[in-house]
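These are the residues of each chain, in order.
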2 protein chains.
Amino acid sequence: MGYVEKVRLLDYWKIQDTALQSEFPRSRLVLMVDRRLLVTNGPTVKLVEHKFADLRQKLGDYGLQFDMSNSCLLDAVEEDEEANLIPLFGTSIDAADPPEDSPISKKDVLKKLGDSLGGRFTDVRMAMLTIGEERQRNLLAKFQSLTKWAAVYRRCPKCAAALKMRTSKSGAECVTCQRVYYPTFSPVSITLITDPTNEHALLVRHRGSAGGVFTAVAGFAHSGESMAECARREIAEEVGIEVESIRSLNMSQPWPMPDSSLMVAHHAVAKMDQKISVCPDELETAQWFSREQVRQALDTTLADPFLKKLPRTLDDRQTLHYIPPVGAIAHQMISQWLNGKMERSSL
Amino acid sequence: MGYVEKVRLLDYWKIQDTALQSEFPRSRLVLMVDRRLLVTNGPTVKLVEHKFADLRQKLGDYGLQFDMSNSCLLDAVEEDEEANLIPLFGTSIDAADPPEDSPISKKDVLKKLGDSLGGRFTDVRMAMLTIGEERQRNLLAKFQSLTKWAAVYRRCPKCAAALKMRTSKSGAECVTCQRVYYPTFSPVSITLITDPTNEHALLVRHRGSAGGVFTAVAGFAHSGESMAECARREIAEEVGIEVESIRSLNMSQPWPMPDSSLMVAHHAVAKMDQKISVCPDELETAQWFSREQVRQALDTTLADPFLKKLPRTLDDRQTLHYIPPVGAIAHQMISQWLNGKMERSSL
């Protein structure tokens, strides 16, 4: 089946509850338990997929169940031996806490469950940052976004009546006023700022982020803004400088945390003699770095992709040691800049 | 006051209800009555701004009132003589119907009200399509988006308790669970598809659109998609073909109808020998046109910017006569392509 047919089948499954429900028993599934994602062991991080019957049995061994209510439609994938397409679902369940007098902790139970399912459970943010394949990251972004959205959109914001959620979790209709709501996510501009000589980049440290990690400036678009206006405003709000030119790069990434967004990459040029004044609610610091400093941070990050050797002392936490890992669009933007692939803005 | 200070002041007004309320009596305002926008007369379409006291008096002459509850914050603008910044609000009110036995129709009343306010009332879509300045279009997009959003988001989608709307209409907080909701709008890919020789473009006619108007393929991004994936999927869904390469252009536009969106421009290349199969729910037709055919439609559109001579017969309605007017990003994309500014994708 070709790409066009696949896209149209997915579109059909999204809105036809009965058709999708009848596919559920032959679907494949990826799993979150207690909001932690099942991924492969080893250095190459991937989602672990299970066949429906296999997952039902292995979870059943631990007294856990799933059904369509806690599952969302992620994709249409080929069945093992045949060319038929079947749904790929993301299912998110909660594990009951063990009794207080239990000799086994919940953490141990999840460790064993992970072993039985051929993987381990990890934090969703860490998974987004370390999964190598774009398609898999985007499936995880969809899984996390739809799961969170479906947990919130239970009542009509206009009339407070119940919302009837689609099986796919791609929309919900008010049972009273018939208004349809779709999963909400917002465009975000993420901008690598360089100086006019293109030899320096301005990177920032977010409040509460891992020690020593610096990244590009990002922020949600507001109603009525173009992406370029969004980038210009966010840079002014967050670091207090004006940029001379803004150019969109050919890169974007869905990102589900803390709120669902679609990050769109930009490059801006700013003079280095402007006084930086960071927005203290969001940022700890913003600083200009040379190519050499940034390249060293890239090398450190690639050598320690799971950020296990993050600096602990306060001073060191505020020094550039790392950039975001490979899964983040900021990593790709910074790498491209270092590799000379991001030519100066032509605006 | 510089750009950085202005941006930070707007950010402050957005969340500080009391501060913004105290600015209201010295604000400036743009106006919708019965969902129609007040714009200037004459060939150059602009928003009409009024001082608070002036608008209050002139509306009062017609028995109409406004207050902060039906106003949203659009921008910070300079006061006439001073460098002080004051808020620019958009206010949207409903006019009561005249009594049944009234000799004057509502349409006539609005005509007179428009005269008194130095303009005329027009459909928001037509205003978006014909306002020449990007800043003014984006202000209108914000006005329309925030007004519609604030009318819907009255109750918490999670717990159904009342939402407390900010004075600026930039957010609303649940009085019970404290969850904060922000105006929703979605990224949309809009893609000009050309053939590998770059001499032909694929344009589409939407169901229910004005007769003889053809445009680029567009559609809402779904959760978990990059913009390029969105463009690829929408093209498959709507016209049934696969594209070889997709490149983002340096152009985007907020668009508030029918739902609020942020349109991001792309260019894709597709072979012309693929069978086109349009999605009948959305499109009437999709066809390849030569540069010459598209240039002629651009000329017709520029010569009749208000689309007053649209074809009426069924056959003629399905023939390429017009492209969208200057206010639409599709117009800019098609113009750039005709002017050779959209070089072939390098992907």
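Everything here concerns the structure above.
What you are looking at is a predicted structure, and each value in this text was computed from that prediction instead of being measured. Residue indices follow the written sequence of each chain, beginning from 1 at its first position. Here every chain gets a letter starting at A, and every ligand a number starting at 1, in the order they are written. For this predicted model, a pLDDT threshold of at least 70 governs which residues receive local features, and a threshold of 80 or more governs which side-chain atom pairs are given and counted, while totals over whole chains, interfaces and linings are taken from all residues. Hydrogens and water molecules were not included; the side-chain quantities draw on all heavy atoms of the structure.

### Points about the overall build of chain A
So, point 1. A run of H or I in DSSP counts as a helix once it spans at least four residues, and a run of E counts as a strand once it spans at least two, with each numbered from the N terminus. Per the secondary structure count, chain A includes ten helices and 15 strands.
So, point 2. The globule rule used for comparison is 2.2 Å times the number of residues to the exponent 0.38, while the radius of gyration itself is calculated over C-alpha atoms. Taken over C-alpha atoms, the radius of gyration comes to 22 Å for chain A, in line with the 20 Å a tight globule of 347 residues would show.
So, point 3. Judged by the C-alpha coordinates and their principal axes, chain A covers about 60 × 50 × 40 Å.
So, point 4. Looking at chain A as a whole, 56% of its 347 residues qualify as buried.
So, point 5. In this analysis, two residues are considered to be in contact whenever any of their non-hydrogen atoms come within 4.5 Å of each other. Of the contacts formed within chain A by residues at least 6 apart in sequence, a portion of 67% connects residues at least 24 apart. To sort residues, take the accessible area from a 1.4 Å probe on protein chains only and compare it with the maximum for the residue type: under 20% means buried, over 50% means exposed, and anything in between is partly exposed.

### Re the interface of chain A and chain B
So, point 1. Counting residues at the interface gives 59 residues for chain A, matched by 59 residues for chain B.
So, point 2. At the boundary of chain A with chain B, total buried surface from both sides reaches about 4,500 Å², with 56% on carbon and sulfur atoms.
So, point 3. Buried area adds together the accessible area that both of two parts lose upon being put together, with accessible area traced by a 1.4 Å probe. It is Tyr3(A), Phe185(A) and Ser223(A) in chain A that bury the most area against chain B; as a group they hold 14% of the surface buried on that side.
So, point 4. The rule for a salt bridge is simple: a side-chain nitrogen of Lys or Arg has to be within 4 Å of a carboxyl oxygen of Asp or Glu. Summed over the shared surface of chain A and chain B, the number is zero salt bridges.

### Let's talk about the pattern of salt bridges
All names here are of chain A.
So, point 1. Under the definition given, this model contains 32 salt bridges over all chains.
So, point 2. For Lys111, the salt bridge identified is with Asp115, shortest N-O distance 3.4 Å. One end of the pair is Lys111 and the other is Asp115, both in helix H4 (residues 106-116) and four residues apart, which spans about a single turn.
So, point 3. Measuring nitrogen to oxygen at the nearest pair gives 3.0 Å for the salt bridge that ties Arg233 to Glu237. Here the residue Arg233 and the residue Glu237 both occupy positions in helix H7 (residues 227-239), the gap between them amounting to four residues, near one helical turn. For the pair Arg233 and Glu237, a shared accessibility class is recorded, and that class is buried.

### Quick notes on the relation of the copies chain A and chain B
So, point 1. Once chain A is rotated about the relating axis by 180 degrees and shifted along it by 0.0 Å, it coincides with chain B to within an RMSD of 0.0 Å. The relationship between the two copies is best expressed as a two-fold rotation axis.
So, point 2. When the interface residues of chain A are mapped onto chain B, 100% of them are again interface residues, pointing to one common binding face. Superposition of the copies used a least-squares fit over C-alpha atoms from residues whose pLDDT is at least 70 in both.

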